[in-house]
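So you can see what is in the structure, the chains are spelled out below.
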Amino acid sequence: IKFDKGDPRDPINFSYARKWSITLICCAFAGITAAASSSYSISYESMIHDLNCTRLQATLGLSLYAIGFGIVPLISSSFSEECGRRPIYIMSSALFLLAEVMNALAPNIQTVVVSRALQGIFGACGGSLVGGSIADIWQPHERGLPMSLFAFSALFSFGLGSAFGGLIAASPHLGWRWVQWVHVMFTGAFLLGAILVMNETRSSIVLARIAKDTRKMTGDPRYRSSAEIDKLSMSSLIKMSCTRPLYLLLTEPVVQSFSLWVGFIWGIVYCLFESVTTEFQSVYGFSIGDTGFVFFVGAIIGFMANMYQETLYRKYFPTKGQEARLYMPCVAAVVLPVSMFIYAWTASPNIPWIAPLIGLTAFMSGTFVIYQVSFLYLADCYGPYASSAQAGQSLARNLMALMFPLFTQQMFAGMTYKWGLTLWALLSVVMAPTPWVLFFYGSKIRSRSKVSRKILEAEQQKWDGDTTVASSPTEEKSMQV
């Protein structure tokens with residue numbers, strides 16, 4: 001059983017209205033999980049006062065939330081292959097909602113930390129599928145805007161969560177618990193939307209269901225989809241999804257370099273969650289509500305930069321190939337250390353608050369560009385292995401997000417904000433050549449890779465007439481490394 005050309009049941013042939021409804025509902029979940037991170041960190045003071053805990057204990061809740069997004073995607077992709085995407089979105093959002101309720105009702109910091117770990121686990125189950133869901137329903141040349149919206153929803157929601165979380169936490173009648181209750185409301189709305197709007201987007205699951213209905217109608221057991229014929233056991237799928245990302249992370253120079261660079265930047269973002277509120281309060285007398293808006297504008301500028309990057313990609317792809325994704329990341333690699341220096345050396349009572357805010361905004365804009373390209377570039381380079389490459393990158397990125405906040409306050413206490421941020425800026429300078437090297441030499445680096453050669457051979461076979469229907473190019477099937 002396979003799809004005929006133009007078959008409306010094929011997710012890639014969904015109407016534009018249905019594609020955009022699915023895209024927006026998926027991006028909404030990415031936004032909810034991102035806001036849950038920043039709004040938690042900005043409501044520390046209220047929580048510490050209410051639960052009589054230390055700042056390190058509160059920070060542990062932030063770090064454990066991040067690690068869920070690093071580890072869980074290694075396993076959740078296997079269940080997606082077996083059950084489809086829609087059931088996982090519904091299940092993960094329902095459990096995420098219950099974990100938020102647990103957090104809102106927590107009587108002590110230990111319950112908060114456990115609930116945050118559960119939020120990270122359940123949020124990652126659904127959040128890790130968003131990029132794959134977009135790839136399921138959009139052709140490669142159409143994915144620029146949907147993927148930009150995905151990145152925008154995540155990073156803009158960091159700012160949105162900080163802004164509204166700060167306003168709620170600063171209210172003497174609300175506090176940190178109401179930050180969680182507001183999240184419960186939004187997650188509940190998403191859960192209802194997922195049940196009503198979300199369609200299954202994984203083509204192999206749709207084909208398997210069609211084959212099952214055909215067998216039932218005809219009584220002929222020979223009707224099978226390609227996924228059923230080549231189906232692996234759940235244990236094999238889990239083993240593959242856990243080991244392949246690590247294999248690519250440890251052996252592929254492109255995955256390694258991008259993961260290290262993106263992971264370092266992501267760690268700094270989580271450090272800023274820890275430092276921005278305290279610094280702007282102590283230096284400029286900002287309230288908690290005011291500091292929440294500091295992250296807001298960078299996501300908008302980054303979104304516009306990515307729109308321009310998409311124009312460059314379409315223009316230069318015929319000559320540069322996959323490296324046409326890297327024009328704006330090369331610019332971002334220069335902007336990041338410069339913006340960090342600006343932020344580090346202008347946060348002073350003698351300098352207007354707009355100066356460090358410009359540096360911080362430029363940093364968040366560069367982060368936005370890199371965050372999106374980390375998905376698109378690896379998807380372009382690793383085709384059927386893209387989910388594994390992205391899972392390896394996500395693991396490295398969120399491990400950094402786990403570790404950095406745990407020593408941020410001690411580092412700033414010992415070095416001061418100026419010199420601590422200067423250290424990050426200097427390390428950003430060291431890593432700035434990463435996209436430039438890949439831009440000029442990425443194709444040569446991949447040509448020496450065993451995995452890339454396999455992908456090129458598979459693509460050549462496809463062009464030579466292989467018409468077997470498979471899932472989207474950015475989702476791996478049961479191919480073996």
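Summary of the structure given here. A quick note: this is a predicted structure, and the numbers were derived from the prediction, not measured.

**A short note on the overall build of the chain**
- When its secondary structure is counted, the chain shows 20 helices and zero strands.
- Looking at the chain as a whole, 58% of its 481 residues are labelled buried.
- Restricting to contacts in the chain with at least 6 residues of sequence separation, those with at least 24 account for 80%.
- Approximately 19700 Å² of the chain is accessible, and the part contributed by carbon and sulfur atoms is 67%.

**Regarding the layout of surface pockets**
- Of the volumes computed, that of the second largest pocket is approximately 410 Å³.
- Lining of the second largest pocket is provided by 21 residues; of these, Gly31, Ile32, Ala35, Leu160 and Phe186 occupy positions nearest its centre.
- At the level of secondary structure, the elements contributing two or more residues to the lining of the second largest pocket comprise helix 1 (16–42), helix 8 (144–170) and helix 9 (176–197).
- With eight residues, helix 8 is the single largest residue contributor to the lining of the second largest pocket.

**A closer look at helix 17 (residues 354–382)**
- An ideal rise of 1.5 Å per residue puts 42 Å on 29 residues; helix 17 measures up with 42 Å between its terminal C-alpha atoms.
- Most pronounced at Val373, the bend in helix 17 amounts to some 30 degrees.
- Helix 17 sits mainly inside the fold: 25 of its 29 residues count as buried.

**Focus on the packing of aromatic side chains**
- Within this structure, the stated rule accounts for 20 aromatic pairs.
- Through successive ring pairs, a cluster of aromatic residues spans Phe264, Phe404, Phe407 and Trp424.
- In this arrangement the basic side chain of Lys19 is found over the ring face of Tyr16, its NZ or CZ atom lying 5.5 Å from the centre.
- Directly above the aromatic system of Tyr40 lies the positively charged group of Arg116, at a separation of 4.0 Å from the ring centroid.

**Some points on the side chain of Thr201**
- Among the structural elements, Thr201 can be located in the loop between helix 9 and helix 10 (203–218).
- In terms of polar contacts, Thr201 uses its side chain to reach the side chain of Asp136, at 2.9 Å.
- Discounting chain neighbours no more than four positions away, the residues touching Thr201 are Pro11, Ile22, Arg85, Ser133, Asp136 and Ile137.

**Observations concerning the pattern of salt bridges**
- With the rule as written, the count across this model stands at six salt bridges.
- The salt bridge partner of Glu323 is Arg446, with a shortest N-O separation of 2.5 Å. Here the residue Glu323 occupies a position in the loop between helix 15 (296–320) and helix 16 (327–346), and Arg446 occupies one in helix 19 (residues 433–447), the gap between them amounting to 123 residues. Per residue, the accessibility class of Glu323 equals that of Arg446, and both read buried.
- Note that Asp380 is salt-bridged to Arg325, the shortest N-O span being 2.6 Å. Of the two residues, Asp380 is situated in helix 17 and Arg325 in the loop between helix 15 and helix 16; the sequence distance between them amounts to 55 residues.
- According to the relative accessible area criterion, Asp380 is partly exposed, its value standing at 21%.
- Within the structure, one salt-bridge network assembled from shared partners comprises Glu310, Arg314, Arg325 and Asp380.

**Considering empty space enclosed by the protein**
- One pass over the structure, following the stated rule, counts five cavities of 30 Å³ or more.
- Its boundaries defined by the atoms lining it, the largest cavity holds a volume of some 550 Å³.
- Around the largest cavity, the lining is made up of 35 residues, and of these Gly127, Ser128, Phe375, Ser394 and Arg397 lie nearest the centre.
- The biggest single contributor to the lining of the largest cavity is helix 18 (residues 386–431), with seven residues.

**Re the side chain of Thr422**
- Inspection of the secondary structure puts Thr422 in helix 18.
- A polar atom in the side chain of Thr422 sits 2.9 Å from the side chain of Trp345.
- Non-local contacts of Thr422, meaning those with residues more than four positions away in its chain, are made with Phe341, Ala344 and Trp345.

**Things to note about the environment of Leu426**
- One can find Leu426 in helix 18.
- The class for Leu426 is partly exposed, based on a relative accessible area of 46%.
- For Leu426 and Pro337, which are 89 residues apart along the polypeptide, the C-alpha to C-alpha distance reads 6.9 Å.

**Considering the packing of helix 18 against helix 19**
- Across the interface, helix 18 lies against helix 19 with an axial gap of 6 Å and an inter-helix angle of 10 degrees. For the element pair helix 18 / helix 19, the angle class is roughly parallel. Mapping the contact onto sequence places Val429, Val430 and Met431 in helix 18 and Pro433, Thr434 and Pro435 in helix 19.

Calculation notes
- Residues numbered from 1 in each chain as written.
- Predicted model: local features only at pLDDT ≥ 70, side-chain atom pairs only at ≥ 80, totals over all residues.
- Heavy atoms only, no water.
- Helix = DSSP H or I, 4+ residues; strand = E, 2+ residues; numbered from the N terminus.
- Buried < 20%, exposed > 50% of the residue type's maximum accessible area, 1.4 Å probe, protein only.
- Contact = heavy atoms within 4.5 Å.
- Areas by Shrake-Rupley, 256 points an atom, 1.4 Å probe, with all protein chains shown as cover.
- 1 Å grid on protein atoms, 1.4 Å probe; cavity = no way out; pocket = protein on both sides within 12 Å on 5 of 7 lines; lining within 4 Å.
- Points joined across faces, edges and corners; volume = space filled by probe spheres on them.
- Expected span 1.5 Å × (residues − 1).
- Bend = angle between axes of the 7 residues up to and from the residue.
- Phe/Tyr/Trp six-rings, centres within 6.5 Å; stacked < 30°, edge-to-face > 60°.
- Lys NZ or Arg CZ within 6 Å of the ring centre and 35° of its normal.
- Polar contact = N/O pair within 3.5 Å; in protein donor to acceptor, adjacent residues only side chain to side chain.
- Salt bridge = Lys/Arg side-chain N within 4 Å of Asp/Glu carboxyl O.
- Axes fitted to C-alpha atoms, helices over the stretch in contact; angles between N-to-C directions.
- Parallel < 35°, antiparallel > 145°, perpendicular 65-115°, else oblique.

Honestly, it's all geometry; don't read function into it.
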